[in-house]
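Here are the chains, one letter per residue:
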Amino acid sequence: MKRVLVTGALGQIGTELVASLREGLGDESVLATDLRAPAPDHPLADAGPFRQLDCTDGSALARAVRDARADTVFHLAALLSAVGEKRPMEAWRVNLGGLMEVLEVAREEGTALFTPSSIAAFGQDTPPDPTPQDTLQRPTTMYGVTKVAGELLCDYYHTRFGVDARGLRYPGLISHSAPPGGGTTDWAVEIFHEALDRGHYTCFLGPDTQLDMMYMPDAVRAAIELMEADPARLRHRNAFNVTAMQLAPARLAEALAARIPRFAIDYEVDPVRQAIADSWPRRLDDSAARGEWGWEPRWTLDAMVDDMLTELRAARTAAPAGEGASAVTLPPDSRG
Ligand code: NAD
Ligand code: AKB
């Protein structure tokens, strides 16, 4: 992997993935693209090559891949679970229509391709704890339907056309650089901002709703390590379960209260997002990722909480709440 194009680069994952890829490959070797232009205070504004690009526009995408002389595409553009339930047709169009275009470009231009799947690719009939690598997948959300279909499409392009497609089933991701994009696990980021700004968080999931989670540095490293892994060892190419920690709102609230004594949480359960969370795994079995390419998480719950608070406090000192990208938490339907 020497030259890379990233779709959906301004989102929660892309913001940190692009920075990390640029550290390794150099700024000019990584073309960040997104449907929207970066706001002036976005970490990727003026930070390296950027092109506005709709991933459902195949010819614009092919042009960008050629211009960037990319050998690898990280395809992150998508609508997440809560937004997908509000706009299912659009979720289908962007998540699967976009992926088809990206796969075709990968086939024609000979690039490798990383596509994230999600814990959302499972449903309530799946064993929830631990969720095996190979198991029943009958998700009940449009987002989940697009993730299962996406895993299958990527497998198809690999076996049928030899496209070097690879992917991970990410759990909920926690990060500080860019806000989450309208998912069911967004609470695990919002809670940090609210704890610092107000000393109080009203959670839209119930206190004991346990889901798999991961801190963004582990998620970014997992993507890069998978793309650098020896392909001969990969049996589960496009859908590796990965996990780092299991979190319920009450447990994270306890960890925050231990560090911010005035912090309190209460609950106003949103039935839509609660039903989504209740249909997802409580813990993934990631032994295939460990065995096939050496995956190992580095961030524990306590280390993640300490680092999140340090980073968010530093961002607030640099740009008081409301003036900086990392001090803003967007509502679930405002992105995508
Ligand atoms: P995000 O919502 O934060 O970012 C997605 C980006 O895609 C946004 O910047 C948006 O502007 C862009 N986008 C939307 N439509 C587009 C289009 N038509 N063309 C180009 N760009 C478009 O999402 P994220 O959290 O960074 O997620 C990236 C990928 O990882 C998605 O496939 C998502 O399903 C997957 N994933 C994320 C998580 C998580 O917790 N963040 C967990 C599991 C899987
Ligand atoms: C969401 O909640 O939709 C995402 C995911 C787990 O895929 N964060």
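Below, the structure is looked at part by part. All residue numbers here refer to positions counted from 1 along the written sequence of the relevant chain. Lettering of chains starts at A and numbering of ligands starts at 1, both following the order in which they are written. It should be noted that, the model being predicted, local features are given only for residues of pLDDT at least 70 and side-chain atom pairs only at 80 or more, the latter also being counted only at that level, while totals for whole chains, interfaces and linings use all residues. Excluding hydrogens and water, the side-chain figures rest on all heavy atoms present in the structure.

So, the packing of aromatic side chains
Stacked, edge-to-face and tilted are the three classes for Phe, Tyr and Trp ring pairs, Trp counted by its six-membered ring, which pair at centre distances within 6.5 Å; planes under 30 degrees apart are stacked, over 60 edge-to-face, the rest tilted. For the structure shown, the criterion picks out 8 aromatic pairs. Taking 6.0 Å as the distance between ring centres and 90° as the angle between the ring planes, the aromatic pair formed by Tyr156 and Phe161 counts as edge-to-face. A relative accessible area of 33% means that Phe161 is categorised as partly exposed. Relative to Trp293, the ring of Phe240 lies with its centre 5.8 Å away and its plane at 75°, an arrangement referred to as edge-to-face. Here the residue Phe240 occupies a position in strand β12 (residues 240-241), and Trp293 occupies one in helix α10 (residues 287-293), the gap between them amounting to 53 residues. Pair check on accessibility: Phe240 and Trp293 agree, each one buried. Taken together through their ring pairs, the aromatic side chains of Phe74, Phe114 and Tyr170 make up a single cluster. Only Lys NZ and Arg CZ are tested; either one counts as a charge over a ring when it is within 6 Å of the ring centre and within 35 degrees of the ring normal. Over the ring of Phe204 we find Arg273; its NZ or CZ atom is 3.6 Å from the centre of that ring. Buried means the residue's accessible area, taken with a 1.4 Å probe over protein chains only, is under 20% of the maximum for its type, while exposed means over 50%, and partly exposed covers the values in between. Numbering of helices and strands runs from the N terminus, with a helix taken as a DSSP run of H or I at least four residues long and a strand as a DSSP run of E at least two residues long.

Considering the site of ligand 1
Residues in close proximity to ligand 1 total 28 residues, the closest being Gln12, Ile13, Asp34, Tyr143 and Lys147. Each polar contact in these results corresponds to two N or O atoms within 3.5 Å; when the atoms are within protein, one needs to be able to donate a hydrogen and the other to accept it, and residues that are neighboring in sequence are counted only if both atoms are side-chain atoms. Between ligand 1 and Ile13, the relevant distance is 2.9 Å, taken from an oxygen atom to a main-chain nitrogen or oxygen of the residue. Contact between ligand 1 and Tyr143: an oxygen atom at 2.5 Å from a side-chain N or O atom of the residue. The method behind every accessible area is Shrake-Rupley, applied with a 1.4 Å probe, and residues are considered shielded solely by the protein chains displayed. With the chains in place, 97% of the 830 Å² that ligand 1 exposes on its own is no longer accessible. We call a residue near a molecule or strand when any one of its heavy atoms sits within 4 Å of it.

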